[in-house]
Amino acid sequence: MPEHVRPKPGEWDGEARPLYLAPMSGVTDLPYRLLAKECGADVTITEFTNSTALTREAAASWRRMETHGSEVPFIPQIFGGDVGDMATAAEMLAGSADIIDLNFGCPAPKVTNICAGAALMGEPDRLVEMVHTIVKRVDTPITAKMRLGTGGQANNALSICQRLEDVGAVRLCIHGRTLRQRYTGVADWSSIAEAVKAVDVPVVANGDVIDAASAGACLSQTHAAGLMVGRGAIGRPGVFGDIKVGLGWMEQEELPWVKATEDWHHLEETAQAFAQRRWCWDRYIGLSEATIGIQSRWMQRHAIAFTKGLPNAKKARLAMHDEDTDKGMANAISAFLAEGIASE
Ligand SMILES: Cc1cc2nc3c(=O)[nH]c(=O)nc-3n(C[C@H](O)[C@H](O)[C@H](O)COP(=O)(O)O)c2cc1C
């Protein structure tokens, strides 16, 4: 087994299994990934990047592949419809990546139109050939993330998993929806369970895990080697710690926001939500400053997500728009979250 890939575990018996922050375009920037790790995520993956753009040395695409010494393992994710470009991009990344993840799950038309992402599940021979070529060209371990199928024909994730195992993929992740479903409907964990059983490489389950209850239910049903959390972690990186505490994998006192908040146990539930998000927000800003700098576009998106669902969230956004500088905006969000702890 390569370093950073644990062998397939047996049936889930309540023990800790790795939690993955899902790759999410426009969400999982470097400081956010580092934050998720501090909040309890075990593995992070970059947002997907176009392999053809990487081979052309496009600066914006390479910026998405930035990492930091503390992001171990470093797993860049690439997509593309051209086998040669995918293999060349993998070679270019091989020096810095611990693992390279291949995207066969994206439903966005700009991706599927070039027969990349989830569209490749409709051409399984091409998909398998692509993975095989890359495995032969680089020594770096290769993993793949896919959906159940395209939805236009019978689901084929199980047979693709078996074929990818045969050509040397070391870990697989399945989002329990088809391409046609995009993000609608309910993730089908029973189909993931069948794929978990069918292969000897570890399979990570993805789709609709949002808290400890859904995490426990997904592991009980799938016996997957790990769980990947996407939308449940947008604006809520603390979800990883919450899952671990809820499933008895760690003590609440070990959570960084609990350690940092005086009288945590005397706070009402809403005040605790504010306190968790405030710690996470301040840390996101600190990690941004320590790595890629505060970047307006990213910060503003995260600010909206971090305040979503909290009482008076609109006030926070208005306060942010009164500021002229990025740091001023970051401070306005922090002050709003601090106020929420005190006033609840
Ligand atoms: C905003 C957003 C961006 C995404 N970008 C990517 C991506 O870059 N690569 C990828 O493999 N999946 C991407 N996904 C899919 C997620 O990784 C995940 O498979 C999906 O959201 C299902 O998990 P969930 O139910 O926990 O959200 C994205 C999802 C969202 C919501």
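Analysis parameters
- Residues numbered from 1 in each chain as written.
- Predicted model: local features only at pLDDT ≥ 70, side-chain atom pairs only at ≥ 80, totals over all residues.
- Domains from an automatic or database assignment.
- Contact = placed C-beta atoms within 7 Å.
- Helix = DSSP H or I, 4+ residues; strand = E, 2+ residues; numbered from the N terminus.
- Buried ≥ 20, exposed ≤ 12 C-beta atoms within 10 Å, placed from the backbone.
- Pairing = 2+ DSSP bridges.
- Core = buried A, V, L, I, M, F, W, Y, C linked by C-beta atoms within 7 Å.
- Axes fitted to C-alpha atoms, helices over the stretch in contact; angles between N-to-C directions.
- Near = placed C-beta within 6 Å.
- Nonpolar A, V, L, I, M, F, W, Y, C, P; charged D, E, K, R; others polar.
- Parallel < 35°, antiparallel > 145°, perpendicular 65-115°, else oblique.
- Left-handed = near helix turned anticlockwise from the far one by under 90°.

### Topic: the domain arrangement of the chain
- Along its sequence, the chain is organised into domain 1 (19–250) and domain 2 (253–343).
- Just the C-alpha atoms count here: the centres of domain 1 and domain 2 sit 28 Å apart.
- Counting residues at the interface gives 18 residues for domain 1, matched by 18 residues for domain 2.
- When contributions to the side of domain 1 that touches domain 2 are tallied by element, the ones reaching two or more residues are helix 1 (30–38) and helix 10 (239–246).

### Concerning the pairing of strand 6 (residues 142–146)
- Among the five residues of strand 6, five are classified as buried, and the element is accordingly described as predominantly covered.
- Residues Ile142, Ala144 and Met146 point to one face of strand 6 and Thr143 and Lys145 to the other, with burial holding for every one of them.
- Where strand 5 (residues 100–104) lies against strand 6, five bridges are found, and the strand directions are parallel. Along strand 6, the bridge assignment pairs Asn103 with Lys145.

### Some points on the nonpolar core
- In this structure, Tyr20, Val131, Ile174, Leu227 and Ile333 are the most contacted members of the largest nonpolar core, which totals 104 residues.
- Top contributing element to this core by residue count: helix 12 (residues 269–290), with nine residues.
- Both of domain 1 (19–250) and domain 2 (253–343) provide at least three residues apiece to this core.
- Setting aside residues no more than four positions away along its own chain, Ile174 makes contact with Met146, Leu148, Ala157, Ile192, Ala195, Val203, Ala205 and Asn206.

### Description of the sheet that holds strand 7 (residues 171–175)
- Read across the sheet, nine strands follow the order 2-1-9-8-7-6-5-4-3 without closing on themselves; strand pairing throughout is parallel. For this open sheet the edge positions go to strand 2 (43–44) and strand 3 (48–50), each flanked by a neighbour on one side alone.
- Relative to strand 4 (residues 77–79), strand 3 runs parallel, the two being bridged by three bridges. If you follow Thr49 over to strand 4, its bridge partner there is Ile78.
- With respect to the sheet, helix 8 (residues 189–198) is in contact with strand 7 and strand 8 (203–206), its orientation differing from that of strand 8 by roughly 175°.

### Some remarks on the site of the ligand
- In the vicinity of the ligand there are 22 residues, among which Ala22, Met24, Phe48, Gly230 and Arg231 approach most closely.
- Looking at the shell around the ligand residue by residue, the classes come out as eight nonpolar, ten polar and four charged.

### Looking at the environment of Asn50
- Mapped onto the elements, Asn50 comes out in strand 3.
- Judged by the 23 C-beta atoms lying within 10 Å of it, Asn50 is buried.
- On a C-alpha basis, the gap between Asn50 and Trp279 in space is 34 Å, while along the polypeptide they are 229 residues apart.
- Dropping the residues within four chain positions of it, Asn50 is found in contact with Ser61, Phe79 and Gly80.

### Regarding the packing of helix 1 against helix 12
- Relative to each other, helix 1 and helix 12 sit at 130°, their axes nearing to 9 Å. Judged by the inter-axis angle, helix 1 sits oblique to helix 12. Crossing of helix 1 over helix 12 shows right-handed handedness. Residues Pro31, Tyr32, Leu34, Leu35 and Glu38 of helix 1 form the contact with helix 12, whose participating residues are Cys280, Arg283, Tyr284, Leu287 and Ser288.
- Grouping the amino acids of the contact of helix 1 with helix 12 by side-chain chemistry returns seven nonpolar, one polar and two charged.

### As for the packing of helix 7 (residues 157–167) against helix 8
- Two elements in contact, helix 7 and helix 8, have axes whose closest approach is 9 Å; the angle formed by their N-to-C orientations is 25°. With respect to helix 8, the axis of helix 7 lies roughly parallel. Relative to helix 8, helix 7 is oriented so that their crossing is right-handed. On helix 8, the residues that touch Ala157, Leu158, Cys161 and Gln162 of helix 7 are Ser191, Glu194, Ala195 and Ala198.
- Among the residues making up the contact of helix 7 with helix 8, the classes are represented as five nonpolar, two polar and one charged.

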